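Residues per chain are reported as follows:
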Amino acid sequence: MGTGTVDVVVVGAGLSGLVCARDLHRRGLQVRLLEARQRCGGRMWGRPSAMGLPLDLGGQWVGATHQRLIELLGEFGLQRYPTYYAGEGIFHWNGTAHRAGVEHDFDSSLLFFRPEQLGLPAGEVAEALALQQRFQQLVAQVPPGQPWGGPAAAELDQLSIAGWLGRQGACQLARYPLAWLARMGGSGGFEPHESSILHLAWSQAVAPQQETPEAWLVHGGAAQVAERLAAELGPLIQLGAPVGAIEQNGGGVRVTFGEGDRITAAAVVVAIPPPLRLGIRFSPALPPEWQGLLQRSPMGSMVKVLALYPRPFWRERGLNGLGIGNLPALELSVDSSPPDGPGQLSCFIAGDRAVAWQRLPEAERRRVVLQDLALLWGPEAAEPSELVLHNWNGESWSGGAFTCFLSPGAWSRYGPVWQQPHGRVVWAGTEAARRWPGYFEGAIEAGLAASEQVQELACKGKGTTQTWANDRDFESS
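Scoring rules and cut-offs
- Residues numbered from 1 in each chain as written.
- Predicted model: local features only at pLDDT ≥ 70, side-chain atom pairs only at ≥ 80, totals over all residues.
- Heavy atoms only, no water.
- Helix = DSSP H or I, 4+ residues; strand = E, 2+ residues; numbered from the N terminus.
- Rg over C-alpha atoms; globule rule 2.2 N^0.38 Å.
- Buried < 20%, exposed > 50% of the residue type's maximum accessible area, 1.4 Å probe, protein only.
- Lys, Arg positive; Asp, Glu negative; His and termini not counted.
- Charge placed at Lys NZ, Arg CZ, Asp CG, Glu CD.
- Salt bridge = Lys/Arg side-chain N within 4 Å of Asp/Glu carboxyl O.
- Pairing = 2+ DSSP bridges.
- Core = buried A, V, L, I, M, F, W, Y, C linked by side-chain atoms within 4.5 Å.
- Contact = heavy atoms within 4.5 Å.
- Phe/Tyr/Trp six-rings, centres within 6.5 Å; stacked < 30°, edge-to-face > 60°.
- Polar contact = N/O pair within 3.5 Å; in protein donor to acceptor, adjacent residues only side chain to side chain.
- Expected span 1.5 Å × (residues − 1).
- Axes fitted to C-alpha atoms, helices over the stretch in contact; angles between N-to-C directions.

Quick look at the overall build of the protein chain
- Regarding its fold elements, the protein chain presents 15 helices and 20 strands.
- The C-alpha radius of gyration computed for the protein chain amounts to 23 Å, which stays within 12% of the reference 23 Å derived for 477 residues, consistent with globular compactness.
- Overall size of the protein chain, expressed as C-alpha extent along the three principal axes, is 75 × 55 × 40 Å.
- Within the protein chain, buried positions represent 60% of all 477 residues.
- One way to put it: in the protein chain the 38 positive side-chain charges average out to a point 3 Å from where the 45 negative ones average out.

Description of the pattern of salt bridges
- A full pass over the atoms with the stated rule returns 21 salt bridges.
- Salt-bridge contacts for Arg99 lead to Glu88; the nearest nitrogen and oxygen are separated by 2.8 Å. Taken together, the positions of Arg99 in strand β7 (residues 96-101) and Glu88 in strand β6 (residues 88-93) put the pair 11 residues apart, joining distant regions of the chain.
- Its salt-bridge partner being Arg311, residue Glu380 comes within 3.1 Å of it at the nearest N-O pair. Residue Glu380 is located in the loop between α12 (362-377) and β19 (386-391), and its partner Arg311 is located in the loop between β15 (302-309) and β16 (319-325); the two are separated by 69 residues in the primary sequence.

Details of the pairing of β6
- Of all 6 residues in β6, 5 are buried; the element is thus mostly enclosed.
- In this sheet, β7 lies alongside β6 in antiparallel orientation, the contact comprising 6 bridges. Across the sheet, Ile90 pairs through a bridge with Arg99, a residue of β7.
- The pairing of β6 with β16 spans 4 bridges and is classified as parallel. When the sheet's bridge partners are listed, Ile90 is paired in β16 with Gly323.

Quick word on the nonpolar core
- The biggest cluster of nonpolar side chains holds 86 residues, and the ones touching the most others in it are Ile197 and Ile324.
- Looking at this core, the element that brings in the most residues is helix α6 (residues 172-183), giving 7 residues.
- If sequence neighbours within four positions are ignored, Ile197 has contacts with Phe135, Leu138, Leu156, Leu159, Ser160, Ile161, Trp164 and Leu178.
- Counting 42 residues, the second largest nonpolar core, distinct from the first, contains Val8, Ala13, Phe76 and Leu457.

Here we look at the packing of aromatic side chains
- Scanning the entire structure with this criterion turns up 21 aromatic pairs.
- Note on Trp45 and Trp392: the rings are 6.4 Å apart at their centroids and 90° apart in plane angle, and the pair reads as edge-to-face. Taken as a pair, Trp45 in the loop between β2 (31-34) and β3 (46-48) and Trp392 in the loop between β19 and α13 (410-414) lie far apart in primary sequence, 347 residues in all.
- When its relative accessible area of 21% is taken as the criterion, Trp45 is described as partly exposed.

Notes on the environment of Asn94
- Along the chain, Asn94 falls in the loop between β6 and β7.
- The spacing of Asn94 and Arg175 is 81 residues in sequence and 14 Å in space, taken between C-alpha atoms.
- Leave out the neighbours within four places in its chain, and Asn94 touches Gln172 and Asn326.
- Side chain to side chain, Asn94 and Gln172 meet in a polar contact 3.3 Å long.
- There is a polar contact of 2.7 Å between the side chain of Asn94 and the side chain of Asn326.

Brief notes about the sheet that holds strand β13 (residues 267-270)
- Strand order across the open sheet formed by 5 strands is β9-β2-β1-β13-β20, with parallel pairing between neighbours. Taken across any chain shown, the strands that pair with only one partner, and hence form the sheet edges, are β9 (237-238) and β20 (425-427).
- Sheet topology places strand β1 (residues 8-11) next to β13; 4 bridges connect them, and they run parallel. Note that in β13 the partner of Val9 across the bridge is Val268.

Quick notes on helix α1 (residues 15-26)
- In a regular helix each residue adds 1.5 Å, so 12 residues correspond to 16 Å; α1 covers 16 Å between its end C-alpha atoms and thus fits that length.
- Within α1, 10 of the 12 residues are buried, leaving the element largely enclosed by the surrounding structure.
- All of the buried residues along α1 are Leu15, Ser16, Gly17, Leu18, Val19, Cys20, Ala21, Arg22, Asp23 and Leu24.
- One or two steps after α1, the chain reaches Gly28, where phi turns positive at roughly 90°.

Side note on the sheet that holds strand β11 (residues 253-257)
- Spatial ordering of the open sheet is given by β12-β11-β10-β14, a layout of 4 strands whose pairing is mixed. At either margin of the open sheet sits one strand with a lone partner, and together these are β12 (261-265) and β14 (281-283). Each neighbouring strand pair of the sheet contributes to a mean axis angle of 15°, computed without reference to strand direction.
- Bridging between β11 and β12 involves 5 bridges; their strand directions are antiparallel. When the sheet's bridge partners are listed, Val253 is paired in β12 with Ala265.

Following this line, the structure appears as structure tokens:
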């Protein structure tokens, strides 16, 4: 599999690359899918627990409006079950646990909670809801496909989230929901000083929490989708094949991977996280605008925690496992227990907390996580039957999670090149999506869009030897 010629090479066997490769293959094109890891799936990855329970170490949720993902689940015969939101959750604020029910209208909630039930100072709650409405007014002004083109976009892009919050003169409670959206909501994994208020507003314009992106879970785990796609593509996939160079001339592309193997094609789809694209040598080189955009698109910092228990004991106390607040480590806890199965809490450590956590000795890492679980759900939570800690910052072929974010000024300076191809190189991956970037739905959209883009390039050369690239063409060009 190390040499040869195909119609299209796809780089990266995450969900987006798998979807793209399958669509091209089904349309009759010859495809080779190159994956640096020794597994497929990228950030859609799972493994069984010690007890044999399927675990999603990467993404796991299906949104209420994620129609492409829902269609894939249906095609593979995979069943969904609703995320458990019955009963009350815990908003842990400044050392005190506040119980409240879930408000399904996110825009009128205080981070999913019914604000009037939290027992927090009424004036602070009112200030938080008012600030949230001011932010939603910004969201409504952002053109989803061109965030750099809205009113005052350049000014908003130069202003960090923290800077915008500072201008509002808001109290600590009012500032917290937007900080939480930076660390957890959609884009996720960054702090309010690291990105612009324009980027945060755009992330909510294209992937709104109002549309319940965490509505469903998948029986047996969401990672089965990537596994089924990979099984269908079978011998078209080459693992352990990191791409080092992509050269192109008038006739096509030549991709160098692994230990120097080469393959030529009419076009290539690059479906890896934006920062990792900088590790590929492009010839001709990427334009300066693309270099600038990639250099200002770091991945978020994220650790996923899965705590397993013999039963979801919190439900016996009328609690639903939804925990949010300014705890020392955990940013979010959600009940992801399978129906009639053992208890499972999916939790996350994000942003600066994730960076600090990964510096701790292993025993201390476990201790701080168990301490926060006990603060949320009581002493029983500190004694899970299994505790799984997966640091996505340590995944060299992802570089972090959930997705990348843009530093202040990047959208207004470099945004127009965001989805532009580089000659015969087309971009995929969830970050390339116009809708639901950072989610599985965005990965599928971007993969299908890339397939449409490269088909014309691939078919233009198919069967016409004059337009095919080969090693001799590159050596003489």
